[in-house]
Amino acid sequence: MQNIHSTFWQKSVSLWERDYKLFIQAVRNSLALILVAVFSVIFKNDSSLWMGLCVLGLMQNNVISPFWRFEYNLILTFCVSSAGLMLGCLFLSSPLLLVVYAFFLAFLVFIVVHFKLNTIYSIWTWIIVQYGVLSEKSVDDAIQNVLFNFYALLICLFICGVVLRPKIKKECLYEMKATLNGLSQYLVAFKKDIFLNTQKCRDSFLKERASVFARLQSLDAQIKDIQNLLKKEKNSAEMESLFLMATLKERLVEIVISALIDIRLLDVDMEKKNEAISVLNEIISIDMKMTGKKKIFPCKEISEFYRQLTHHVNEKINSIEKKSQKEILLLYSKMQFNVNLLDAEIDRYVSHKL
Amino acid sequence: MFLINFNIPEVRQAWRAGVVCAGSLFLSLYVLKINSPQWVVLSALVCLQANFGASLKRAKERLLGTLLACCVGLFAVYFLPNSGIFLSVLLLFATVIAIYKTTLSYAYSVFAATIAVVAVYALFFHNGKYAVLLRLEDVALGVAFGTLGALFLWPDFARKKFSSDLILLTQNKELLFVCILEWIDGKKTSQEFFDQKLVSAQNNQSARVRIMEMSYEIGRRILPLKLYEKFIFSQERIHYILVTIFNVIRNYDLKDKEDFVFFRQELENVKSLYESAVKFLPLSKEKTFEIEQGECLVFRLNEFIQKMHEYELQNNFSVHKFILLSNLEWLAKEIKAMCLEIKDSFNF
């Protein structure tokens, strides 16, 4: 029984760490909803449904905004949605006019996508405005809606700015670990796909692939956030180390994916392919020894760690090469060279040649 | 004028969304006389995706998630304790799952969101059963409006978009070549290259997603999935080799070396070979594949590969430059493989 509990606990923790960013956003939403309920009970009003919707809209619209723009984006979303609610007053006189306004609101959602302004007006902002306008009967209703939208903003600012502030360092460390975990799952799916070659395996392989790609995108966005922070606080050694770790992780994922593409095309027997995949698996598990600790290491330690990784991979590949055929030799030399590139990346970064 | 330029996908999508939302609101208010038409409009807008295949996929997931959640919701309303604490916990739990699953699985997200809606109605209005019926009605109507809108209003089909995706894919690879060359010449920064790398990788992924959307439109069996996938694979390999070439030059500071002009020239050569190869993409009548030209290109590529191979044998290059030469050779080989895939695709 104790074992079951500990396994369940471990699984929950690993799930929490894997999708930390999504979970923390969900928790923020839930906390905000609890505050909405408390607000409704204290002030004895029946607008909890409307305020709940505003909270969800404001919070969710913020998910796609960069780290440094979190609060700023919340306020902008509030301004846009409130303007939409007030503008709705002009269309209240007839249901047909409301239909025209609904056209305009939905039209705008995709026009702003063209100008890449969807961090301010997206489908979430649209929900606030559309729902609010359809529930309004007079200007007073609109003012009341804006007022409750403002309370929702205060709740969101309290939750996002005070209680659960986004923490770029923590998020990035968890994201790196999750990316490596996702990559090893991708390796398993890849192996099944090339060995079993069934439609089910292909679907699961494509799913894992899309998931690794989404993680890479997220990691890349975080690297950009860290770069922005580094520009502001120039001598932050911790941030510099985090930037280096995240960049190396991105390169490592690229190396593994490009090697897998090559392995798929190799005209050699399955055993050799399996051997090549196991080398990649080993690279991931070695890197996991550092990433799994969810700690920012100084640049010197990172450099030392990757030198060891490169050395290990070189040794491993050299031991395989002796008994391999030409095609696989080419693959290994490419793999070996790419891993050595990680060392060069560190050297270039450490000697500030950016 | 921008707002009526229907060649821009976002403008088409905006008009489609506007008409579908206005239409579904009008029908809900005047014909069906629904009390809360906003949920119908929401479902319609959510189901209206960039193309018909994607809309069908979204509609299926939304219907499936809602139906399952309504069954579970009814069970919870009738058989589980109707206490405030239980419903509050259910509401919070369902909200967390709905938000958590938003980007991971739409069907699960809708499932949890529906449970949350039922919990809200049961908690605040003591009428969970009403919420189930309301949600079923809203989602069914919204899905119908959204899907019909995607099919009849300035429709975009994934199968038709796929050719433009492929063109975009190859154009972005060309830009990746250009980025490296311009970075070598000092006209671009390494950050600009990394940005282009991300765009190129995104294009690879969107082409894959498009294949899945196509399968919703015309079925899996008809689709030449493997052929398209092979082509995308070849683009991905070219992408990764280019990234490696850039990293080699950047990390080992090769562009400052005296004899680097030679490598730059060879990269320029391989770029022009790539451009000639993608010109044969059978995507329009003007770009039909001509066997003779294709064979000539393969001959040029073979010549290039041979040349690189001979340089490698000369042994008068440093290790890093040797690796650069090998990468150029691999690149030419990939382009050759791509040419053969384009030919297959044309035959198909």
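Draft legend 1. Molecular detail of the overall build of chain A. Helix and strand content of chain A: 13 helices and 0 strands. Listing each helix as α and each strand as β along chain A from the N terminus yields α-α-α-α-α-α-α-α-α-α-α-α-α. Every one of the 354 residues in chain A was classed for burial, and the buried ones make up 55%. A separation threshold of at least 6 residues defines the contact pool for chain A, and within that pool the share at least 24 residues apart is 76%.

Draft legend 2. Molecular detail of the overall build of chain B. What chain B contains, in helices and strands, is 12 helices and 0 strands. The N-to-C order of helical and strand elements in chain B reads α-α-α-α-α-α-α-α-α-α-α-α. Out of the 348 residues in chain B, the part that is buried amounts to 53%. Look at the contacts in chain B between residues 6 or more apart in sequence, and 76% of them connect residues 24 or more apart.

Draft legend 3. Examining the side chain of B:Thr95 more closely. Here B:Thr95 is to be found in helix H4 (residues 84–100). Leave out the neighbours within four places in its chain, and B:Thr95 touches A:Ser30, A:Leu33, A:Leu56 and B:Ala116.

Draft legend 4. Focus on the interface of chain A and chain B. Counting residues at the interface gives 66 residues for chain A and 63 residues for chain B. Across the chain A/chain B interface, buried area totals approximately 5,900 Å², and carbon plus sulfur atoms make up 71% of it. Where chain A meets chain B, there are 5 salt bridges. For the side of chain A that touches chain B, the elements supplying multiple residues, two or more each, are helix H1 (2–18), helix H2 (20–43), helix H3 (48–61), helix H5 (95–114), helix H6 (123–135), helix H9 (199–232), helix H10 (237–265) and helix H13 (326–350) of chain A.

Draft legend 5. Region of interest: the nonpolar core. Counting residues in each nonpolar core, the largest one holds 66 residues, and the members touching the most others are A:Leu183, A:Ile257, A:Leu280 and A:Tyr306. Elements represented by at least two residues in this core include exactly helix H8 (168–196), H9, H10, helix H11 (270–291), helix H12 (299–321) and H13 of chain A together with helix H9 (225–251) of chain B. Broken down by element, the residue count for this core peaks at 16 residues, all from H10(A). Once you skip the residues sitting within four places of it in the chain, A:Leu280 turns out to touch A:Leu187, A:Val256, A:Ala259, A:Leu260, A:Ile263 and A:Met335. The next biggest cluster of nonpolar side chains, apart from the first, holds 65 residues, and it includes A:Leu74, A:Val133, B:Val11 and B:Val40.

Draft legend 6. Representation of the packing of helix H2 (residues 37–47) of chain B against helix H6 (residues 128–152) of chain B in the model. Residue and element names in this part refer to chain B. Closest axis-to-axis distance for the H2/H6 pair is 7 Å, and the angle between their directions is 40°. Here H2 is positioned oblique relative to H6, judged by the angle of their axes. In the crossing of H2 with H6, the sense of the turn from one axis to the other is right-handed. Residues Trp 39, Val 40, Ser 43, Ala 44 and Cys 47 of H2 form the contact with H6, whose own contacting residues are Asp 138, Val 139, Leu 141, Gly 142, Val 143, Phe 145 and Gly 146. Considered class by class, the residues forming the contact of H2 with H6 number 8 nonpolar, 3 polar and 1 charged.

Draft legend 7. Spatial organisation of a nonpolar patch on the surface. A contiguous nonpolar surface patch, about 500 Å² in accessible area, is contributed by A:Leu96, B:Phe26, B:Leu27, B:Tyr30, B:Val31 and B:Leu32. Among the elements that take part in the nonpolar patch, helix H1 (residues 9–31) of chain B stands out by supplying 4 residues, more than any other. The topology assignment puts B:Phe26 in helix H1.

Draft legend 8. Molecular detail of the packing of H2(A) against H3(A). Residues and elements named next belong to chain A. Contact geometry of H2 with H3 gives a least axis separation of 9 Å together with a crossing angle of 155°. Taken as axis vectors, H2 and H3 run roughly antiparallel relative to one another. Crossing of H2 against H3: the hand is right-handed. Touching Gln 25, Arg 28, Asn 29, Ala 32, Leu 33, Val 36, Phe 39 and Ser 40 of H2 are Ser 48, Met 51, Gly 52, Val 55, Leu 56, Met 59 and Gln 60, all from H3.

Draft legend 9. A look at the packing of aromatic side chains. Across all of its chains, the model carries 32 aromatic pairs over all chains by this definition. Through a chain of ring-to-ring contacts, the aromatic side chains of A:Trp16, A:Tyr20, A:Phe23, A:Tyr174 and B:Tyr100 assemble into a single cluster. Over the ring of B:Tyr106 we find B:Arg58, and its NZ or CZ is 3.8 Å from the ring centre. One Lys or Arg, B:Arg208, reaches over the ring of B:Phe233 and ends 5.0 Å from the middle of that ring.

Draft legend 10. Quick peek at the pattern of salt bridges. Scanning the model with the defined rule gives 33 salt bridges over all chains in all. A:Arg307 is the partner of A:Asp347 in a salt bridge, and the nearest nitrogen-oxygen pair spans 3.1 Å. Taken together, the residues span a long stretch of sequence, with A:Asp347 in helix H13 and A:Arg307 in helix H12 at a distance of 40 residues. In this structure, a network of salt bridges that share partners links the residues A:Glu250, A:Arg251, A:Glu254, A:Glu345, B:Lys197 and B:Arg250.

Draft legend 11. View of the environment of A:Phe70. Residues and elements named next belong to chain A. Looking at the element boundaries, Phe 70 is found in helix H4 (residues 70–87). In this structure Phe 70 comes out as buried when scored by relative accessible area, which is 8%. Sequence-wise, Phe 70 and Arg 165 are 95 residues apart; in three dimensions their C-alpha atoms are separated by 9.2 Å. Ignoring anything within four residues of it in the chain, the contact list for Phe 70 reads Gln 25, Arg 28, Asn 62, Ser 65, Cys 160 and Pro 166.

Draft legend 12. Fine view of H4(B). When the terminal C-alpha atoms of H4(B) are compared, their 24 Å separation across 17 residues agrees well with the 24 Å that a helix rising 1.5 Å per residue should span. Taken as a whole, H4(B) has its buried residues at B:Leu87, B:Leu91, B:Ala94, B:Thr95, B:Val96, B:Ala98, B:Ile99 and B:Tyr100.

Draft legend 13. Quick look at unusual backbone geometry. A positive phi angle is found at A:Lys294, which is not glycine, with a value near 50°. Relative to the elements of secondary structure, A:Lys294 occurs in the loop between H11 and H12. For A:Lys294, a relative accessible area of 29% gives the class partly exposed. Of note, the phi angle at B:Lys33 is positive, near 50°, even though the residue is not glycine. Its location among the elements puts B:Lys33 in the loop between H1 and H2.

Draft legend 14. Examining the environment of A:Val253 more closely. All names here are of chain A. Structurally, Val 253 can be placed in helix H10. When the C-alpha atoms of Val 253 and Asn 45 are compared, they prove to be 52 Å apart, with 208 residues separating the residues in sequence. The residues contacting Val 253, other than those within four sequence positions of it, are Thr 179, Leu 183, Val 212 and Leu 216.

Draft legend 15. Up close: the environment of B:Ala332. Residue and element names in this part refer to chain B. By the secondary structure assignment, Ala 332 is in helix H12 (residues 319–347). Distance in space between the C-alpha atoms of Ala 332 and Asn 302 is 8.0 Å, their sequence separation being 30 residues. With residues up to four places along the chain from it excluded, the contact list for Ala 332 reads Val 270, Leu 301, Phe 304 and Ile 305.

Draft legend 16. Local environment of the side chain of B:Asp165. Here B:Asp165 lies in helix H7 (residues 158–184). Excluding residues that lie within four positions of it along the chain, B:Asp165 makes contacts with B:Ser206 and B:Arg210.

Draft legend 17. Main features of the confidence of the model for chain B. Residues and elements named next belong to chain B. Scored by pLDDT, chain B has a mean of 84; 89% of the residues are at 70 or more. Least confident of the elements in chain B is helix H11 (residues 291–314), whose mean pLDDT is 71; most confident is H1, at 93. For this predicted complex, the interface confidence score (ipTM) comes to 0.83, while the overall pTM stands at 0.84.

Draft legend 18. The state of the cysteines, seen in detail. Residues and elements named next belong to chain A. Taken as a whole, this structure holds 0 disulfides over all chains when the rule is applied. With no disulfide of its own, Cys 160 lies closest to Cys 156 among cysteine sulfurs, the gap being 6.0 Å. On the basis of relative accessible area, Cys 160 is assigned to the buried category, the value being 1%.

Cut-off values and rules
- Residues numbered from 1 in each chain as written.
- Chains lettered and ligands numbered in written order.
- Predicted model: local features only at pLDDT ≥ 70, side-chain atom pairs only at ≥ 80, totals over all residues.
- Heavy atoms only, no water.
- Helix = DSSP H or I, 4+ residues; strand = E, 2+ residues; numbered from the N terminus.
- Buried < 20%, exposed > 50% of the residue type's maximum accessible area, 1.4 Å probe, protein only.
- Contact = heavy atoms within 4.5 Å.
- Buried area = accessible area lost by both parts, 1.4 Å probe.
- Salt bridge = Lys/Arg side-chain N within 4 Å of Asp/Glu carboxyl O.
- Core = buried A, V, L, I, M, F, W, Y, C linked by side-chain atoms within 4.5 Å.
- Axes fitted to C-alpha atoms, helices over the stretch in contact; angles between N-to-C directions.
- Parallel < 35°, antiparallel > 145°, perpendicular 65-115°, else oblique.
- Left-handed = near helix turned anticlockwise from the far one by under 90°.
- Nonpolar A, V, L, I, M, F, W, Y, C, P; charged D, E, K, R; others polar.
- Patch = residues over 30% accessible without salt bridge, like charges linked within 9 Å, V, L, I, M, F, W, Y side chains within 5 Å.
- Areas by Shrake-Rupley, 256 points an atom, 1.4 Å probe, with all protein chains shown as cover.
- Phe/Tyr/Trp six-rings, centres within 6.5 Å; stacked < 30°, edge-to-face > 60°.
- Lys NZ or Arg CZ within 6 Å of the ring centre and 35° of its normal.
- Expected span 1.5 Å × (residues − 1).
- pLDDT = per-residue confidence, 0-100.
- Disulfide = S-S within 2.5 Å.

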